[in-house]
Amino acid sequence: MSQKRPHPTTGEEKVKKKKPEEEKKQQDKAMASSSDHPVFCDICDEGKEKAVKSCLMCHISYCETHLEKHRSNPHQKKHKLINAVENLQDYICQKHGRPMERFCRDDQTCVCLSCTEGEHRTHNTVPLEEESQKKKVKKFKLNTLTKLYNLIRKTNWLLLVIF
Ligand SMILES: [Zn+2]
Ligand SMILES: [Zn+2]
Ligand SMILES: [Zn+2]
Ligand SMILES: [Zn+2]
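The rules we used
Residue positions are counted from 1 within each chain, in the order its sequence is given. A letter from A marks each chain and a number from 1 marks each ligand, given out in the order of writing. Where local features are concerned, this predicted model is filtered to residues with pLDDT of at least 70; where side-chain atom pairs are given and counted, the filter is 80 or more; whole-chain, interface and lining totals use all residues. The nonpolar core is taken to be a set of buried Ala, Val, Leu, Ile, Met, Phe, Trp, Tyr and Cys residues joined by way of C-beta atoms within 7 Å. Buried, partly exposed and exposed are defined by the number of other C-beta atoms within 10 Å of a residue's own C-beta, namely 20 or more, between the two limits, and 12 or fewer respectively, with C-beta atoms placed from the backbone. Remark: residues whose backbone-derived C-beta atoms lie within 7 Å of one another are considered to be in contact. A pair of strands is considered paired only if DSSP assigns at least 2 bridges between the two. Here a helix means four or more residues in a row that DSSP labels H or I, a strand means two or more in a row labelled E, and each is numbered from the N terminus. Where helices are involved, their axes are fitted lines through C-alpha atoms of the stretch in contact, as for all axes, and angles between N-to-C directions lie from 0 to 180°. One number per residue, pLDDT, summarises how confident the predictor is, and it ranges from 0 to 100.

### Describing the nonpolar core
- If you look at the biggest cluster of nonpolar residues, it comprises 17 residues, and the most contacted ones within it are A51, Y62, C63, M100 and V111.
- Once residues lying within four places of it in the same chain are set aside, the contact partners of C63 are C41, C44, E49, K50, A51 and V52.

### Digging into the sheet that holds strand β2 (residues 60-62)
- Read across the open sheet, the three strands follow the order β2-β1-β3; overall the sheet is antiparallel. Looking along the sheet, the strands with just one partner apiece sit at the ends: β2 and β3 (81-83). The mean inter-strand angle of the sheet, taken between neighbouring strand axes irrespective of direction, is 35°.
- Inspection of the sheet shows strand β1 (residues 53-55) paired to β2 by three bridges, in the antiparallel sense. Note that in β2 the partner of C55 across the bridge is I60.

### Quick word on the confidence of the model for the protein
- With 66% of its residues at a pLDDT of 70 or more, the protein has an overall mean of 77.
- For residues 22-35, every residue scores under 50 in pLDDT, and the model assigns this stretch one contact once sequence neighbours within four places are set aside.

### Section: the environment of P38
- Position of P38 among the secondary structure elements: in the loop between α1 (25-32) and β1.
- P38 gets classed as exposed once you count the C-beta atoms within 10 Å, which come to 10.
- Along the backbone, P38 and E49 are 11 residues apart, and their C-alpha atoms lie at a distance of 9.8 Å.

### Details of the sheet that holds strand β6 (residues 125-127)
- With respect to topology, three strands assemble into an open sheet ordered β5-β4-β6, the strand pairing being antiparallel. The open sheet is flanked by β5 (109-111) and β6, the only strands paired with a single partner. Put simply, the sheet's adjacent strands are angled 35° from each other on average, direction ignored.
- Across three bridges, the pairing between strand β4 (residues 102-104) and β6 is antiparallel. Its bridge partner lying in β6, C104 is registered against T125.

### Notes on unusual backbone geometry
- Phi at H59 takes a positive value of approximately 60°, unusual for a residue other than glycine.
- Positionally, H59 belongs in the loop between β1 and β2.
- Overall, the presence of 14 C-beta atoms within 10 Å leaves H59 in the partly exposed class.
- The phi dihedral of Q108 falls on the positive side, at around 55°, and the residue is not glycine.

Now the structure itself:
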């Protein structure tokens, strides 16, 4: 006596389709590449260590372990080491591929030894160390200004959207 009712199957299956969010990874990457990013050792293969020094002769940044190895090599003892920097290329002369060890006061630019023997021969050049303190301050100010400028640009953009 039982009435068998066919179960009404609701064929309405809502397939939730998530829109693949277009992650602008490249943009993020570009935005994330600020100057306070840690520099990593170029020698370490796995679990990269933070670099402590960059060698202007090898064009490589070293962690403490690899720096010791670098230092213990007599051939590399004379290599010019600077505090680890991300943009090592900026410290290497584009013309001669040599480390920029001197600062040309006339041109307010870093120069390599080949430069000082060449077109900057008559200029007033000083060892980079002498100028580094001043430069650090300058660079810091510049970085801060750039950040501020970017911030203002972003904010301006936001304001434009809002109003
Ligand atoms: Zn290393
Ligand atoms: Zn080196
Ligand atoms: Zn040069
Ligand atoms: Zn010069």
